[in-house]
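Residues per chain are reported as follows:
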Protein chains: 2
Amino acid sequence: MRFTSRTSSAGVIEHSFTLGGIPGVLWTPEGTAATRPLILLGHGGGQHKKAPDVIARAHRFVTGGGFAAVAVDVPGHGDRPKDEELDRIATANQARVAAGAEPAPLIAGFQALVARRTVPEWRAVLDAVQRHGHVGAGPVGYWGVSLGCGLGVPFVAAEPRVRAAVLGLGGALSSAGAAARISVPVEFLLQWDDERVPRAQGLALFDAFGSAEKTLHAHPGGHGDLPASEPEDSLRFFARHLG
Amino acid sequence: MRFTSRTSSAGVIEHSFTLGGIPGVLWTPEGTAATRPLILLGHGGGQHKKAPDVIARAHRFVTGGGFAAVAVDVPGHGDRPKDEELDRIATANQARVAAGAEPAPLIAGFQALVARRTVPEWRAVLDAVQRHGHVGAGPVGYWGVSLGCGLGVPFVAAEPRVRAAVLGLGGALSSAGAAARISVPVEFLLQWDDERVPRAQGLALFDAFGSAEKTLHAHPGGHGDLPASEPEDSLRFFARHLG
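Notes on the structure in this doc start here. (Residues numbered from 1 in each chain as written. Chains lettered and ligands numbered in written order. Predicted model: local features only at pLDDT ≥ 70, side-chain atom pairs only at ≥ 80, totals over all residues. Heavy atoms only, no water.)

On to the packing of helix α1 (residues 52–65) of chain A against helix α8 (residues 230–242) of chain A, then. Residues and elements named next belong to chain A. Orientation of α1 relative to α8, taken along the N-to-C sense of each, is 50°, at an axis distance of 10 Å. The angle between α1 and α8 places the two elements in the oblique class. For the pair α1 and α8, the crossing hand works out as right-handed. Here Arg57, Arg60, Phe61, Gly64 and Gly65 of α1 come into contact with α8, specifically with Glu230, Pro231, Glu232, Ser234, Leu235 and Phe238. Taken together, the residues that form the contact of α1 with α8 break down as 4 nonpolar, 3 polar and 4 charged. (Axes fitted to C-alpha atoms, helices over the stretch in contact; angles between N-to-C directions. Helix = DSSP H or I, 4+ residues; strand = E, 2+ residues; numbered from the N terminus. Parallel < 35°, antiparallel > 145°, perpendicular 65-115°, else oblique. Left-handed = near helix turned anticlockwise from the far one by under 90°. Contact = heavy atoms within 4.5 Å. Nonpolar A, V, L, I, M, F, W, Y, C, P; charged D, E, K, R; others polar.)

Right, here's the structure in full:
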């Protein structure tokens, strides 16, 4: 793990790093080194580790909850090189949707393919970041919707350090099997009029989580219309389960 | 409106009253008279105005949000006389369910019948309570699940003083028409494994609310298993919309 820059604003230190070719950002509170819970943020499709909503959410987790937060670019996103295999499949999928195919199964298949790479990558990120003096080996939370849900469900299922997860805007097609292996508390966000994830698929994914403690929060609106109150809900959820 | 007793505990004054033969309780914060938002609590079937969870919720609204709260006995419940018509129908329904009938349509019909009485009763309660020096003509919230949802949906639809409502554990069979006329913010509670309200009926009622701002909170468990975190969620919801 190689740190490439360090800046500070509004009480939050932003540490840029690379780990085995994966670019990432770690956010910690200003102040002395101390062990604190860590939240890994999965970005959405076409987004990256420093997308405005990722930064805003990370800052809120750091300043509102005293957490550390980390995000890395998914293969083919952000500062990572173009990925010819993923590009080829994405282009073929777009053509199939344009020709009238249902998008949901294609998205599910694509996310399952990407997750085979991101699950080990994200586990390596936890290994490295937890050796940092401002993080340490505390409990871990995961936050991710849309692509961040499709990749997050198999990650949370595979990684015992994750003790609580906010997931959403995803469906059961790709994720039901892994969801059934999750037993930690889950808050699941569903947009009632999601134009990309059929409502029944989202409800079926909530149903599939093996967790005894899980909450579905559904709101009117489309895939991109999470309500303004959502970040505070997530913060309270992590404070309750990682605090 | 005739006040029959006044007691005080843990910062909350409990005023018992009767209004046109309807027994009720008003809870207000200790201290000087002042206008404050009022929350009407609808109790569940077989319950009453002083059921332990009604009292606990009213105290939390008063001490946590500075609200006033009020609850009255529904016809045939609590300190109200037996109601021969409602008793006869309830007994007949129980026999039909014992003989294999679906309970949901029978519950829906029964609640619609009771609501024809409680809607005007509850509006009269608001008229009277808002003349009280510790309440005044501020905004009103409504909280009610199960029977309190079946009766609450037509009440909220009919009463413009209600600016926000927490409803739940009810289905679309009796309430979809009135739900479509509701436009104020709604938080809707659904128990994922509700043995009394089929899941699809609960989801259809959430879908039916006309409100632009509505949130579905679903949790695992049966009809009586609302999570321990629910009262705080309701308090935050009312603080946001009545504050």
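Anyway, onward from the coordinates.
Overall, the coordinates contain 18 aromatic pairs over all chains when judged by the stated rule. Here the aromatic rings of A:Phe206 and B:Trp192 are separated by 4.8 Å at their centres, their planes lie at 90°, and the arrangement is edge-to-face. Residue A:Phe206 is located in helix α7 (residues 199–208), and its partner B:Trp192 is located in the loop between β8 (186–191) and α7 (199–208); the two belong to separate chains. Of the two residues, A:Phe206 and B:Trp192, both sit in the buried class. An aromatic cluster is present here, built from A:Phe188, A:Phe206, A:Phe209 and B:Trp192 joined pairwise through their rings. Just above the ring of A:Phe206 sits the side chain of A:Lys214; from NZ or CZ to the centre is 5.0 Å. (Phe/Tyr/Trp six-rings, centres within 6.5 Å; stacked < 30°, edge-to-face > 60°. Buried < 20%, exposed > 50% of the residue type's maximum accessible area, 1.4 Å probe, protein only. Lys NZ or Arg CZ within 6 Å of the ring centre and 35° of its normal.)

To continue, consider the side chain of B:Asn93. Checked against the element boundaries, B:Asn93 lands in helix α2 (residues 84–98). The contacts of B:Asn93, once residues within four sequence positions are left out, are B:Leu106 and B:Phe110.

All names here are of chain A. Over its 13 residues, α8 extends 18 Å from the first C-alpha to the last, a length consistent with the 18 Å expected when each residue adds 1.5 Å. By the burial criterion, the buried members of α8 are Glu230, Asp233, Ser234, Leu235, Phe237, Phe238 and Leu242. Those residues of α8 hidden inside the fold are in contact with β4 (38–42), α1, β6 (140–145), β7 (162–168), β8 (186–191) and β9 (214–219). (Expected span 1.5 Å × (residues − 1).)

The next thing to look at is the relation of the copies chain B and chain A. Each of the two copies of the chain can be brought onto the other by a rotation about an axis and a shift along it. The transform that puts chain B on chain A rotates by 180° and translates by 0.0 Å along the axis, for an RMSD of 0.0 Å. Between the two chains, the operation in question is that of a two-fold axis. Among all residues of chain B, the minimum C-alpha distance to the rotation axis is found for B:His217, at 2.4 Å. In this assembly, 100% of the residues forming the interface of chain B have copies in chain A that are likewise at the interface, indicating an isologous arrangement. (Least-squares fit on C-alpha atoms with pLDDT ≥ 70 in both.)

Before going further, it helps to examine the interface of chain B and chain A. Facing 14 residues of chain B, the contacting portion of chain A comprises 14 residues. Across the chain B to chain A interface the summed buried area is about 1400 Å²; carbon plus sulfur atoms make up 61%. Taken as a group, B:Trp192, B:Pro220 and B:Arg236 account for 32% of the area that chain B buries against chain A, more than any other trio of residues on that side. Applying the counting criterion to the chain B and chain A interface returns 2 salt bridges. Counting across the interface, chain B meets chain A through 4 residue pairs in polar contact (both at pLDDT 80 or more). For the side of chain B that touches chain A, the secondary structure elements donating two or more residues are α7 and β9 (214–219) of chain B. It is β9(B) that contributes the most residues to the side of chain B that touches chain A, 6 residues altogether. Here the side of chain B that touches chain A is composed, by residue class, of 7 nonpolar, 3 polar and 4 charged. (Buried area = accessible area lost by both parts, 1.4 Å probe. Salt bridge = Lys/Arg side-chain N within 4 Å of Asp/Glu carboxyl O. Polar contact = N/O pair within 3.5 Å; in protein donor to acceptor, adjacent residues only side chain to side chain.)

The next thing to look at is unusual backbone geometry. All names here are of chain A. Backbone geometry at Ala10 places phi at a positive 50°, although glycine is not the residue there. Secondary-structure assignment places Ala10 in the loop between β1 (2–9) and β2 (12–19). A positive phi angle, close to 55°, is found at Leu169, a residue other than glycine. As for its position among the elements, Leu169 is in the loop between β7 and α6 (172–180).

Tracing the chain through its elements places B:His217 in strand β9. Those residues in contact with B:His217 that lie beyond four places of it in its chain are A:Leu216, A:His217, B:Glu187, B:Phe188, B:Leu189, B:Leu190 and B:Asp233.

Looking now at the pattern of salt bridges. Applying the stated criterion to the full structure yields 29 salt bridges over all chains. Put simply, A:Asp79 and A:Lys49 hold a salt bridge, and the shortest N to O gap is 2.7 Å. Of this pair, A:Asp79 sits in the loop between β5 (68–72) and α2 (84–98) while A:Lys49 is found in the loop between β4 and α1, placing the two residues 30 residues apart along the sequence. Residue class for A:Asp79 comes out exposed when judged on its relative accessible area of 60%. Overall, A:Lys49 belongs to the buried group, its relative accessible area being 6%. Residue B:Glu159 is joined to B:Arg123 by a salt bridge in which the shortest nitrogen-to-oxygen separation is 2.8 Å.

What follows concerns the environment of B:Phe237. Residue and element names in this part refer to chain B. Looking at where Phe237 falls in the secondary structure, it is placed in helix α8 (residues 230–242). Counting along the chain gives 140 residues from Phe237 to Val97, while the straight-line C-alpha distance between them is 37 Å. Setting aside residues up to four positions removed in sequence, Phe237 forms contacts with Ala164, Ala165, Val166, Pro185, Val186 and Glu187.

Moving on: the pairing of strand β2 (residues 12–19) of chain B. Residue and element names in this part refer to chain B. For β2, the tally of buried residues reaches 7 of 8 residues, placing the bulk of the element in the interior. Relative to β2, strand β1 (residues 2–9) runs antiparallel, the two sharing 7 bridges. Looking at the pairing, Ser5 lines up with Ser16 of β2. Linking two consecutive strands that pair antiparallel, namely β1 and β2, is a turn of 2 residues; a positive phi of about 50° is found at Ala10 within it. By the bridge criterion, 8 bridges tie β2 to strand β3 (residues 22–29) in an arrangement that is antiparallel. (Pairing = 2+ DSSP bridges.)

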